[in-house]
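Fold and geometry: a report
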Amino acid sequence: MGNVLTIILQRLALGLLTLLIVSIVIFIAVNLLPGDFAQSILGQGATPEAVASIREDLGLDQPMVTRYFQWLGGVLQGDLGTSFAQANFASFSGTTSGATTIAEQIAPRFGNTMFLAMITAAIAVPFSIILGILAALYRNTVFDRATNIFTLSSISSPEFFLAYILILFLAVLNPIFPSLSNIFEGMPFSERLEKSMLPALTLTLVVTAHMMRMTRAAIINLLASPYIEMARLKGLSPMRVIVKHALPNALAPIINVIALNLAYLITGVVVVEVVFVYPGIGQLFVDSVKIRDIPVVQACCLIFATAFILLNLTADIMSILSNPRLRHPK
Amino acid sequence: MSDDILVKMRDVWLEGRSDETWNPIINGVDLTLKKGEVLGLIGESGAGKSTLGLAAMGYTRDGVKISKGTVEFDGIDLLTASAAVKRELLGKRIAYVAQSAAASFNPAHKLMDQHVEGPVQHGVMGKGESEEDGMELYRKLRLPNPDQIGFRYPHQVSGGQLQRCMTAMAMSCRPDLIIFDEPTTALDVTTQIEVLASIRDIVEQFNTAAIYITHDLAVVAQMADTIKVLLKGDEVETADTRTMLSAPTQEYTKSLWAVRSFERPLKPAVNAGSVPVVSVQNVDAAYGTVPVLHDVSFDLHEGRTVAVVGESGSGKSTTARCITGLLPPTAGQIMVDGEVMPPDYRKRSKDQLRQVQMIYQMADTALNPRMSIGQIIARPVEFYLGLKGAEKRKKVDALLEQIELEPSQYYHRLPSELSGGQKQRIGIARALAAEPKFIICDEVTSALDQLVAEGILRLLARLQDELSLTYMFITHDLATVRAIADEVVVMKDGRVVEQGPKVEMFTPPHHAYTDLLLSSVPEMDPDWLTNLLTERGVDNIGDAAVDKM
């Protein structure tokens with residue numbers, strides 16, 4: 001097991017290094033955005049004096065390197081900073097009022113996004129894997145082709161299009177789920193679940209194709225192996241051959257694709273959130289970019305990057321653990 | 001009498017698909033197997049042995065079909081039976097033992113879980129009962145630690161042990177028929193003996209019928225009651241083992257029997273003062289922190305062949321890697337023509353690199369599949385000799401002629417269009433293109449059929465005489481050693497345990513390990529295994545195991 005522990009620690013260190021590099025990239029990229037907060041907030045009536053004064057207030061007149069280290073130092077101490085909008089024009093921004101720090105501002109939004117991601121994952125992951133197994137079992141049959149066509153067309157369609165189709169069929173024609181997902185704090189779980197159902201289903205349609213096709217491909221890839229032939233020659237049923245003998249050896253690539261898609265559920269759901277008016281982190285992110293609220297944008301980016309790296313790290317570790325050679329060394 | 005018949009195959013034709021056309025694999029072969037009988041199925045690769053063996057189970061691999069004929073097992077027509085009926089027979093009454101146990105055990109499950117799967121799924125035994133029975137079988141197959149070995153994963157068990165575990169797994173439902181598909185081909189000779197003895201013994205004990213597929217005549221002589229010889233999908237002849245060995249009637253069978261006759265004349269002893277072409281001096285080597293070679297020393301003299309023998313993992317190929325500079329030794333040195341070589345190949349001059357060339361075991365993977373034969377051979381010609389244009393072409397043609405392939409026919413072909421033996425010849429030509437003094441042949445014949453292998457050995461011998469080449473011949477096959485070596489180096493666990501001229505090595509007294517190696521090589525005598533086991537003090541492995549219980 002010591003072997004596995006070393007590998008995991010190595011991955012963890014690499015993950016931290018990646019995060020540091022990402023923080024630099026985020027900082028530079030955000031600062032390359034044309035215009036800044038002072039200009040965008042003052043709009044047409046900006047006088048050079050007013051702009052300079054706001055910049056000085058917010059520390060925007062400092063050199064970039066200094067600002068980066070100030071920001072990084074804060075982040076390392078758990079302080080994501082204060083939103084420009086909140087700090088100076090508390091009443092201006094469309095974001096939640098009352099919160100003073102970014103952490104307080106992001107926390108509920110992030111919680112909502114995670115809630116949606118988890119519901120989607122709970123539906124999409126088992127669904128795709130079962131679909132993938134069945135497609136591998138009945139490969140090259142009508143079922144297999146139909147599954148492929150269905151998942152590929154849903155991934156090829158724009159998310160808002162899928163969202164509106166679902167709204168049409170599940171909210172308008174058959175009012176099963178509400179079309180608006182305006183959830184708020186203190187809402188009971190069942191109601192939250194009901195309101196989040198349509199965005200979750202939309203996202204399921206988007207992420208299923210990758211996971212299902214990887215499951216199918218990874219299993220079929222193994223079907224020519226001698227141990228699969230052996231399993232067949234032991235007279236086992238085709239289902240057992242696939243689930244018991246092929247699937248455990250196909251886990252590593254499947255886990256990696258699942259992790260990529262889960263990361264997408266956290267970082268790439270902006271459009272779906274906007275369509276369903278779901279108060280997630282994606283909406284906050286878009287709003288903050290619009291008004292060049294740099295600390296919030298940076299904080300969101302950093303959270304996205306961390307989620308991405310953590311999920312990939314988990315996937316790596318789980319792939320390693322799925323290999324009995326590493327779990328049980330000689 | 002007919003009640004005794006277990007397998008009846010009549011006029012079976014099998015076809016395999018390649019490039020959208022169906023090509024014949026087996027052409028109208030009959031096969032009859034009585035209960036408790038062992039049939040040996042032999043032939044070269046491509047003869048269709050495995051395909052026929054699997055067809056006896058009513059099974060074909062993807063891309064293979066039975067186009068004509070009947071296959072009956074105990075009166076059940078396997079070709080018309082439904083998938084469910086066949087599944088009921090497979091594993092329960094008909095079992096299969098594959099060539100590579102390492103590849104045929106599922107890496108994700110423990111051995112015992114795979115062992116009990118058959119009995120449990122077929123409803124023959126409960127899990128607990130089947131586990132008990134598995135341990136019993138492991139004990140009968142003389143596996144070390146029979147009560148615990150089943151609870152390991154396949155990668156934690158050695159190849160020979162895995163092969164016995166697979167035999168135990170095949171036995172788990174006490175089938176009436178087992179198909180053994182080259183079960184010992186991937187094993188070292190010393191391990192092979194144990195597996196052969198275990199298999200023979202357990203098949204006798206349970207009176208199981210078996211089809212034993214192999215390309216090794218000496219092995220089949222030990223195992224089978226009857227032998228059937230196949231050639232390119234046709235049956236050559238069938239006879240009981242003793243008749244077949246003593247009086248084969250067909251020319252092809254006789255030629256198979258005669259292969260082992262090739263032997264080079266002895267060369268005079270090396271002059272005491274002559275400088276060796278290559279000298280390996282006190283070499284230690286390690287992979288990472290794992291030491292692999294310990295104080296390896298031997299000399300190779302001009303125009304001679306040194307065979308390096310030993311089991312897998314004994315350090316033969318690692319020694320070759322040290323000589324070529326692919327793996328810099330941790331201690332000791334390599335000398336070529338009395339000159340110390342830089343340990344790392346990257347530090348060697350082009351001329352130093354040119355002196356040492358290699359020919360590989362798997363010609364398939366050692367040739368770039370996207371380059372034509374001409375390009376493959378032209379590369380070293382250009383790189384080492386600096387030839388260009390017409391001169392280069394002339395040299396390549398000359399090399400092709402040297403390896404007995406017509407240049408105009410082969411120059412533009414791709415490796416995939418050649419047979420195994422021809423590919424290996426291209427490997428030789430590529431090594432010769434550098435005009436080296438010294439060539440390392442790493443198991444160059446072990447992937448080839450005996451007749452083809454003999455052709456390669458004869459070619460190498462001729463080239464040696466013409467160009468006074470020095471060979472280091474890595475092999476685990478002692479018949480090859482007998483055929484071509486002048487000197488022999490025996491390796492075990494990264495050390496040289498014995499070395500000397502071939503004649504000395506093959507005459508007693510030997511080092512204990514050399515003796516074990518030599519005596520483990522199967523001979524054509526059908527009583528060889530029985531006699532050997534008696535000699536080694538175990539006359540019946542099963543009984544010995546039972547006694548211990």
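Just so you know, these numbers come straight off a predicted model, no measurement behind them.

This part takes up the overall build of chain B. Across its full length, chain B carries 23 helices and 20 strands. Its C-alpha radius of gyration of 25 Å places chain B within 12% of the 24 Å reference for a compact globule of 549 residues. If you line up chain B on its principal axes, its C-alpha atoms span 70 × 55 × 45 Å. A total of 549 residues make up chain B; the buried ones form 46% of that total.

A few words on the interface of chain B and chain A. One frequently used descriptor of interface size is the decrease in accessible area upon assembly of the parts. Residue-level contacts link 24 residues of chain B with 15 residues of chain A. Residue composition of the side of chain B that touches chain A, by class: 11 nonpolar, 9 polar and 4 charged.

Counting 135 residues, the largest nonpolar core has Ala 56 and Tyr 212 of chain B as its most contacted members. Of the residues forming this core, the biggest block, 14 residues, is contributed by helix 11 (residues 238–267) of chain A. Those residues within four positions of Tyr 212 of chain B in sequence are excluded, and the remaining contacts are Val 38, Leu 39, Gly 40, Leu 41, Phe 180, Val 220, Met 223 and Ala 224 of chain B. Val 283, Ala 433, Ala 485 and Val 490 of chain B belong to the second largest nonpolar core, which has 69 residues in total.

Residues and elements named next belong to chain B. Taken as a whole, chain B is organised into domain 1 (2–261) and domain 2 (278–372 + 432–507). Computed over C-alpha atoms, the centres of domain 1 and domain 2 are 36 Å apart. In this assembly, 9 residues from domain 1 lie in contact with 8 residues from domain 2.

Here the focus is unusual backbone geometry. All names here are of chain B. One non-glycine residue, Asp 74, lies in the positive phi region at around 50°. Structurally, Asp 74 can be placed in the loop between strand 4 (64–73) and strand 5 (76–77). C-beta crowding within 10 Å serves as the criterion here: with 16 such atoms nearby, Asp 74 is assigned to the partly exposed category. Residue Arg 174 is not a glycine yet carries a positive backbone phi of 50°.

A few words on the environment of Pro 107 of chain B. Within the secondary structure layout, Pro 107 of chain B lies in the loop between helix 3 (101–104) and helix 4 (111–121). Assessed through the 16 C-beta atoms surrounding it within 10 Å, Pro 107 of chain B is described here as partly exposed. Distance in space between the C-alpha atoms of Pro 107 of chain B and Gln 156 of chain B is 10.0 Å, their sequence separation being 49 residues. Setting aside anything within four residues of it in sequence, one finds Pro 107 of chain B in contact with Asn 249 and Pro 324 of chain A together with Tyr 153, Pro 154 and His 155 of chain B.

On to the environment of Ile 179 of chain B, then. All names here are of chain B. Tracing the backbone shows Ile 179 in strand 7 (residues 177–181). Look at Ile 179 and you get buried, because 28 C-beta atoms sit within 10 Å. Residues Ile 179 and Glu 523, spaced 344 residues apart in sequence, show a C-alpha to C-alpha distance of 23 Å. Ignoring anything within four residues of it in the chain, the contact list for Ile 179 reads Gly 53, Ala 56, Met 57, Tyr 96, Val 97 and Ile 211.

This paragraph deals with the pairing of strand 20 (residues 495–501) of chain B. Judged from the 6 bridges that link them, strand 19 (residues 487–492) of chain B and strand 20 of chain B form a sheet pairing that is antiparallel. Among the inter-strand pairings, Met 491 of chain B is bridged to a residue of strand 20 of chain B, identified as Val 496 of chain B.

A few words on the sheet that holds strand 1 (residues 5–18) of chain B. All names here are of chain B. Taken together, the 4 strands give an open sheet; going across it, the order is 2-1-4-5, and neighbouring strands pair in antiparallel fashion. Pairing within the sheet leaves two strands with one partner each, and these edge strands are strand 2 (21–34) and strand 5. Pairing geometry for strand 1 and strand 4, over 8 bridges, is antiparallel. Residue Lys 8 lies in a different strand from strand 4, and its bridge partner there is Glu 72.

The next thing to look at is the pairing of strand 16 (residues 356–359) of chain B. Residue and element names in this part refer to chain B. Residues Val 356 and Met 358 line one face of strand 16 and the alternating positions Gln 357 and Ile 359 line the opposite face, and both faces are buried. Note that strand 16 and strand 17 (residues 438–442) share 4 bridges and pair parallel. Each residue of the ladder has a partner; that of Val 356, found in strand 17, is Phe 438.

Residues and elements named next belong to chain B. As summarised here, the arrangement of the 4 strands in space is 12-11-14-15, forming an open sheet in which the pairing is antiparallel. Where the open sheet ends on each side, the last strands, each with one partner, are strand 12 (290–300) and strand 15 (339–340). Across 7 bridges, the pairing between strand 11 (residues 278–287) and strand 12 is antiparallel. Bridge pairing links Ala 285 to Leu 293 in strand 12. Relative to strand 11, helix 11 (residues 316–324) is tilted by about 110°, and along the sheet it contacts strand 11, strand 12 and strand 14 (331–336).

What follows deals with the environment of Leu 90 of chain B. Checked against the element boundaries, Leu 90 of chain B lands in the loop between helix 2 (83–89) and strand 6 (94–97). Exposure remark for Leu 90 of chain B: the 24 C-beta atoms within 10 Å place this residue in the buried category. C-alpha of Leu 90 of chain B to C-alpha of Ala 239 of chain B: the two residues are 149 residues apart in sequence and 28 Å apart in space. Apart from residues lying up to four places away in sequence, Leu 90 of chain B is in contact with Leu 233, Lys 234 and Gly 235 of chain A together with Met 57 of chain B.

Here we take up the confidence of the model for chain B. Residues and elements named next belong to chain B. Mean pLDDT for chain B: 86, with 97% of residues reaching 70 or above. Note on residues 539–549: pLDDT is under 50 here. Beyond four places in sequence and across chains, it has 16 contacts. Taken over the whole predicted complex, pTM reads 0.77, whereas the ipTM for its chain interfaces reads 0.76.

Between two packed helices, both the angle of their axes relative to each other and the distance between the axes serve to describe the pair. Residues and elements named next belong to chain B. Contact geometry for helix 17 (residues 420–432) and helix 18 (residues 450–467): axes closest at 9 Å, N-to-C directions at 20°. Compared by their axis directions, helix 17 and helix 18 come out roughly parallel. When the axes of helix 17 and helix 18 are compared, the crossing they make is right-handed. Residues Gly 420, Gly 421, Gln 424, Arg 425 and Ile 428 of helix 17 form the contact with helix 18, whose own contacting residues are Val 452, Gly 455, Ile 456 and Leu 459. Its residues placed into classes, the contact of helix 17 with helix 18 shows 4 nonpolar, 4 polar and 1 charged.

Criteria and cut-off values
- Here, residues in each chain are numbered from 1, in the same order as that chain's written sequence.
- Starting at A for chains and at 1 for ligands, labels are handed out in the order in which the entities are written.
- Side-chain atom pairs in this predicted model are given and counted only at pLDDT of 80 or more, local residue features only at pLDDT of at least 70, and totals for whole chains, interfaces and linings cover all residues.
- Strands here mean DSSP runs of E at least two residues long; helices mean DSSP runs of H or I at least four residues long; both are numbered from the N terminus.
- Here the radius of gyration uses the C-alpha set of atoms, whereas the globule reference equals 2.2 Å times the residue count to the power 0.38.
- To assign burial, the other C-beta atoms lying within 10 Å of each residue's own C-beta are counted, with C-beta atoms placed from the backbone; 20 or more indicates buried, 12 or fewer indicates exposed, and intermediate counts indicate partly exposed.
- In this description, a residue-residue contact is defined by the distance between C-beta atoms placed from the backbone, which must lie within 7 Å.
- Under the grouping applied here, Gly and all other residues not named as nonpolar or charged are polar, the nonpolar ones being Ala, Val, Leu, Ile, Met, Phe, Trp, Tyr, Cys and Pro and the charged ones Asp, Glu, Lys and Arg.
- Here a nonpolar core is just a set of buried residues of the types Ala, Val, Leu, Ile, Met, Phe, Trp, Tyr and Cys, joined wherever their C-beta atoms sit within 7 Å.
- Note: domain ranges come from an automatic or database domain assignment.
- Two strands are counted as paired when DSSP detects at least two bridges linking them.
- Helix axes use the C-alpha atoms of the stretch in contact, all axes being lines fitted to C-alpha atoms, and the angles between their N-to-C directions lie in the range 0 to 180 degrees.
- By definition, pLDDT measures how confident the predictor is in each residue, and it falls between 0 and 100.
- In this scheme, roughly parallel covers angles under 35 degrees and roughly antiparallel covers those over 145, while 65 to 115 is roughly perpendicular and the rest are oblique.
- Crossings are classed by handedness, with left-handed meaning an anticlockwise turn of the near helix from the far one by less than a right angle and right-handed meaning a clockwise turn.

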